[in-house]
There are 2 protein chains.
Amino acid sequence: MKVGVLVSGTGTNLQALLDAETTGRLEPATLAVVISNKPGVQALARAGAANVPAFVVEHAAVAREVFEDQLHAVLAAHHVEAIVLAGFMRVLTPHFLDHYRDRIINTHPSLLPAFPGANAAAQAIAHGVKISGVTIHFVDASLDGGPIIEQVAVPVFDDDDAAALQARIQSEEHKLLPDVVQRLARGELSCQGRKVRGPGRRAE
Amino acid sequence: MKVGVLVSGTGTNLQALLDAETTGRLEPATLAVVISNKPGVQALARAGAANVPAFVVEHAAVAREVFEDQLHAVLAAHHVEAIVLAGFMRVLTPHFLDHYRDRIINTHPSLLPAFPGANAAAQAIAHGVKISGVTIHFVDASLDGGPIIEQVAVPVFDDDDAAALQARIQSEEHKLLPDVVQRLARGELSCQGRKVRGPGRRAE
């Protein structure tokens, strides 16, 4: 299964995927293309270093539908069947999403439905929760509201600031994301309404 | 520290507190009185079996302030210094809460701020989360929104219904609640804005 990765920044989640592919932990998924909506970001350099084709599709100067058509054109040219949003900071509309129903996933640094949107770790610290975590979910037109595939809990300690919590969450995210991409590529995830079933979610 | 417990139903959390007191795991807290807003509930029988004074203060026929004054009168007569809401299904107003600022706690069967209100386990199942849990928090006038003292994560499995999840959450709740009451009685919890600090919340 050819996978496209959409990024906007440093690309640490992309790096986790690249590393997993190198060591065979992504099979049968392969990373076919990386697209950033911002030029010059570190994620593009990571893709280049791994010999994965990388493109910039800027959103600033064009209408939303034109932007989404350009994204889709690049993905289609690389025969992409599934998409990972890895720190991609643009909301996508059904105009784009309908091409990839149940084949586009996002990773979010909180236990959704708590703390959707930007700065989830800072939101968690401000609210005073004792547990946060990471959520990987199918993408729909809502803000971080699509069907949840997998979650991992992360403790919040008394002395944490947002950066410390964010780092602890990302450490789990970098383990979980390749695992979910592999399960998706293996056809192991089934989505029925809001319920996503998969291996490893049964009681012992 | 004399503790009053407010209940509305079967009283499984009350039973966890009674059992903890019997085996010394609540010290220096003692359970001084149990009050139910509903007559005939099992929680009252549990209190009676443990020789803890138990009362019914009904809310149905009286104004909210009168109800809260009656609660306060019974609690004051038993020299109660701290209150546990253990499945107590009435919202309390500042008229009552101001007597017990930072000395009244509630237990809720979700990882707040996710799924406040009634039927939290059913809400979690319907949303399709993979992790839920239990939250113990200080009570303010908001619905399950007060400063969070402690949380424990609980996995949600593919085949869970609301009852199965509820049972798994309660199992954790019954361990956590006596522990938090003991910490409160020992003066180990400090509340600053939304942040509650206490022992055992530091990184290893």
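In what follows, the structure referred to is the one given above.
All values derive from a computational prediction rather than experimental measurement.

*Asks:* Residue-level account of the overall build of chain A, with values.
*Replies:* Within chain A, the secondary structure is distributed over six helices and nine strands. On C-alpha atoms alone, chain A measures out to a radius of gyration of 16 Å, which is about the 17 Å that the 2.2 N^0.38 rule sets for 204 residues. In terms of its C-alpha atoms, chain A occupies a principal-axis envelope of roughly 45 × 40 × 35 Å. Here chain A holds 204 residues, and 50% of them are scored as buried. For chain A, the proportion of contacts with a sequence separation of at least 24, taken over those separated by at least 6, is 62%. As displayed, chain A offers around 8,500 Å² of accessible surface, 53% of which is attributable to carbon and sulfur atoms. Looking at charge distribution, chain A has the averaged site of its 18 positive side-chain charges lying 4 Å from that of its 22 negative ones.

*Asks:* Give me the relation of the copies chain A and chain B: which residues, what numbers.
*Replies:* When chain A is brought onto chain B, the operation consists of a screw motion whose angular component is 180° and whose axial shift is 0.0 Å, with 0.0 Å RMSD remaining. Put plainly, the chains are arranged around a two-fold axis. In terms of proximity to the rotation axis, the leading residue of chain A is Ala 114 of chain A, whose C-alpha is 2.7 Å off the axis. A symmetric contact is evident, with 100% of the interface residues of chain A recurring at the interface of chain B.

*Asks:* Can you break down the pattern of salt bridges residue by residue, with the values?
*Replies:* Residue and element names in this part refer to chain A. Counting across every chain of the model gives 14 salt bridges over all chains. In this structure, Asp 98 engages Arg 101 in a salt bridge whose closest nitrogen and oxygen atoms are separated by 2.7 Å. Across the salt bridge formed by Arg 183 and Asp 179, the nearest N and O atoms sit 2.7 Å from each other. Here the residue Arg 183 and the residue Asp 179 both occupy positions in helix α6 (residues 162–185), the gap between them amounting to four residues, near one helical turn. The exposure class assigned to Arg 183 is buried, which follows from its relative accessible area of 9%.

*Asks:* Describe the sheet that holds strand β4 (residues 82–85) of chain B, with residues and values.
*Replies:* Residues and elements named next belong to chain B. Strand order in the open sheet made by the seven strands is β3-β2-β1-β4-β5-β6-β7, with mixed pairing throughout. In this open sheet, the two edge strands, each paired with only one partner strand, are β3 (54–56) and β7 (148–155). Strand-to-strand twist in this sheet, taken as the mean axis angle between neighbours without regard to direction, amounts to 20°. This element, helix α1 (residues 12–22), spans β1 (2–7), β2 (30–36), β4 and β5 (104–108) of the sheet and lies at about 160° to β2.

*Asks:* Tell me about the interface of chain A and chain B, residues and numbers included.
*Replies:* Each partner contributes residues to the interface: chain A has 31 residues there, and chain B has 31 residues. Of the roughly 2,800 Å² buried where chain A meets chain B, counting both sides, 53% is carbon and sulfur surface. Linking chain A to chain B there are two salt bridges. Taken together, chain A and chain B are joined by 14 residue pairs in polar contact (both at pLDDT 80 or more). Elements represented by at least two residues in the side of chain A that touches chain B include exactly α5 (120–127), β7 (148–155) and β9 (195–197) of chain A. If you tally residues by element for the side of chain A that touches chain B, the top one is β7 of chain A, at six residues. For the side of chain A that touches chain B, a count of residues per class yields 17 nonpolar, four polar and ten charged.

*Asks:* Give a description of the sheet that holds strand β2 (residues 30–36) of chain A that names residues and reports values.
*Replies:* All names here are of chain A. Pairing is mixed across the open sheet formed by seven strands, whose spatial order is β3-β2-β1-β4-β5-β6-β7. With one partner strand each, in any of the chains shown, β3 (54–56) and β7 form the two edges of the open sheet. Put simply, the sheet's adjacent strands are angled 20° from each other on average, direction ignored. Direction of pairing for β2 relative to β3: parallel, over a ladder of three bridges. By the bridge assignment for β3, Val 34 is matched with Ala 54.

Criteria and thresholds
- Residues numbered from 1 in each chain as written.
- Chains lettered and ligands numbered in written order.
- Predicted model: local features only at pLDDT ≥ 70, side-chain atom pairs only at ≥ 80, totals over all residues.
- Heavy atoms only, no water.
- Helix = DSSP H or I, 4+ residues; strand = E, 2+ residues; numbered from the N terminus.
- Rg over C-alpha atoms; globule rule 2.2 N^0.38 Å.
- Buried < 20%, exposed > 50% of the residue type's maximum accessible area, 1.4 Å probe, protein only.
- Contact = heavy atoms within 4.5 Å.
- Areas by Shrake-Rupley, 256 points an atom, 1.4 Å probe, with all protein chains shown as cover.
- Lys, Arg positive; Asp, Glu negative; His and termini not counted.
- Charge placed at Lys NZ, Arg CZ, Asp CG, Glu CD.
- Least-squares fit on C-alpha atoms with pLDDT ≥ 70 in both.
- Salt bridge = Lys/Arg side-chain N within 4 Å of Asp/Glu carboxyl O.
- Pairing = 2+ DSSP bridges.
- Axes fitted to C-alpha atoms, helices over the stretch in contact; angles between N-to-C directions.
- Buried area = accessible area lost by both parts, 1.4 Å probe.
- Polar contact = N/O pair within 3.5 Å; in protein donor to acceptor, adjacent residues only side chain to side chain.
- Nonpolar A, V, L, I, M, F, W, Y, C, P; charged D, E, K, R; others polar.

Function cannot be inferred from these measures alone, as they are strictly geometric.
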